[in-house]
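Inside the fold
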Amino acid sequence: MTTIRENSDCATLINVFTVDPQRADELATLLASATEDVMAHQPGFRSANIHLSTDRTRVVNYAQWDSAEAYQAMLSDATARKHMATAAALAVSFDPHLYTVESVHER
């Protein structure tokens, strides 16, 4: 389960894919299946959430890993790399970065 809190002990990946609107569903579906079939079985995986912008030009993967090292280790896995290459090919561009949670506001 995704938990968003300040000073979290996990590494947060936010990857923003820019996509042709006609390919948005295909990319979102691919990311969801890659998460279920591959990423969720990688050591250190915690959660992933796939978001589709309402204008269908962006697909965002918000994922949490035990650590930056666990995320980096996943990048070396051949099966994970295959899925990432397929996703990259569907996108116009993509921009993955690790983030820290600086503040959380709830009502």
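Look above for the structure.
Here's a quick rundown of the structure. Please read these numbers as outputs of a predicted model, since none were measured by experiment.

**Re the packing of aromatic side chains**
- Enumeration over the complete set of coordinates arrives at 3 aromatic pairs.
- Taken together, a centroid distance of 6.1 Å and an interplanar angle of 35° make the contact between Phe17 and Phe94 tilted. With a gap of 77 residues between them, Phe17 in strand β1 (residues 11-18) and Phe94 in strand β4 (residues 93-99) connect regions that are remote in the sequence.
- Of the residues examined, Phe17 reaches a relative accessible area of 4% and is grouped as buried.
- Here Phe94 falls in the partly exposed class, since its relative accessible area comes to 44%.

**Comments concerning helix α2 (residues 68-75)**
- Three or more residues of α2 are buried, namely Ala70, Tyr71 and Met74. For α2, the arc enclosing every buried residue in end-on projection is 100°, short of the 170-degree limit, so these residues lie on one face.
- In this fold, the buried residues of α2 make contact with β1, β3 (58-65), α3 (78-90) and β4.

**Examining the pairing of strand β2 (residues 45-52)**
- Looking at chain direction, β2 and β3 are connected through 7 bridges and run antiparallel. Within β3, the position partnered with Leu52 by the bridge is Val59.
- Linking β2 back to β3 in an antiparallel pair, the connection comprises 5 residues, with Arg56 at a positive phi of about 65°.

**A closer look at unusual backbone geometry**
- The phi dihedral of Asn7 falls on the positive side, at around 55°, and the residue is not glycine.
- On the accessibility criterion, Asn7 (75% relative accessible area) is exposed.
- The phi dihedral of Arg56 is positive, around 65°, even though this residue is not glycine.
- In this structure, Arg56 sits in the loop between β2 and β3.

**Notes on the side chain of Thr35**
- Its place among the elements puts Thr35 in helix α1 (residues 24-37).
- Taking the relative accessible area as the measure of exposure, Thr35 reaches 11% and is therefore buried.
- If sequence neighbours within four positions are ignored, Thr35 has contacts with Ala40, Phe45, Ala48 and Ile50.

**Regarding the side chain of Thr12**
- Structurally, the position occupied by Thr12 is in strand β1.
- Discounting chain neighbours no more than four positions away, the residues touching Thr12 are Tyr62, Ala63, Gln64, His97, Leu98, Tyr99 and Val101.

Conventions we followed
- Residues numbered from 1 in each chain as written.
- Predicted model: local features only at pLDDT ≥ 70, side-chain atom pairs only at ≥ 80, totals over all residues.
- Heavy atoms only, no water.
- Phe/Tyr/Trp six-rings, centres within 6.5 Å; stacked < 30°, edge-to-face > 60°.
- Helix = DSSP H or I, 4+ residues; strand = E, 2+ residues; numbered from the N terminus.
- Buried < 20%, exposed > 50% of the residue type's maximum accessible area, 1.4 Å probe, protein only.
- Arc of directions from axis to C-beta.
- Contact = heavy atoms within 4.5 Å.
- Pairing = 2+ DSSP bridges.

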